[in-house]
Amino acid sequence: MPHLIVTGRDGQTRRIEYRPSRALSDALHEGGYMELRALCGGCMTCATCHVYVDPRSPASRPPFGELEGIVIGGLAAPRENSRLACQLVLTAAEDGLALTIPPEG
Ligand code: FES
């Protein structure tokens, strides 16, 4: 099964498996990362699913949707590698993708 490399808010890095065709936010919840709240369920109104995707990872830079870019632009500390985990639908191509859940705020 494909996997993700996740650094949580506690600074610990773990490997979790995921099922393709799921949103990254769902895969993180299934892997136990409930700190990624994803409150709006993918409607792009909350940005509580914000993650930093390692740009060296497989398939790490799919293009933003326009609205996703606007929401990320409104974050307090956006980075070039910021993504909304609810908008990134995983495929087998993301096997090995590494990401960090940023501090809340
Ligand atoms: S879950 Fe709200 S923007 Fe992603």
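Refer to the structure above for everything that follows.
Report follows, based on the coordinates. (Residues numbered from 1 in each chain as written. Predicted model: local features only at pLDDT ≥ 70, side-chain atom pairs only at ≥ 80, totals over all residues.)

With respect to unusual backbone geometry
- Residues other than glycine seldom take positive phi values, yet serine 21 does so here, at roughly 80°.
- One non-glycine residue, methionine 44, lies in positive phi territory at about 60°.

Points about the pairing of strand E2 (residues 13-17)
- Of all 5 residues in E2, 0 are buried; the element is thus mostly exposed.
- Pairing between strand E1 (residues 3-7) and E2: 5 bridges, direction antiparallel. Its bridge partner being in E2, valine 6 is matched across the sheet by arginine 14.
- Between E1 and E2, which pair antiparallel one after the other, the connecting turn spans 5 residues, and glycine 11 there sits at a positive phi close to 85°. (Buried ≥ 20, exposed ≤ 12 C-beta atoms within 10 Å, placed from the backbone. Helix = DSSP H or I, 4+ residues; strand = E, 2+ residues; numbered from the N terminus. Pairing = 2+ DSSP bridges.)

Structural notes on the sheet that holds strand E4 (residues 82-84)
- Read from one edge of the open sheet, 5 strands run E2-E1-E5-E3-E4, paired in mixed fashion. This sheet does not close on itself; its edge strands, each paired only once, are E2 and E4. Mean inter-strand twist for the sheet, computed between neighbouring axes without regard to direction, equals 35°.
- Sheet topology note: the strand E3 (residues 50-53)/E4 ladder contains 3 bridges and is antiparallel. Residue tyrosine 52 lies in a different strand from E4, and its bridge partner there is serine 82. (Axes fitted to C-alpha atoms, helices over the stretch in contact; angles between N-to-C directions.)

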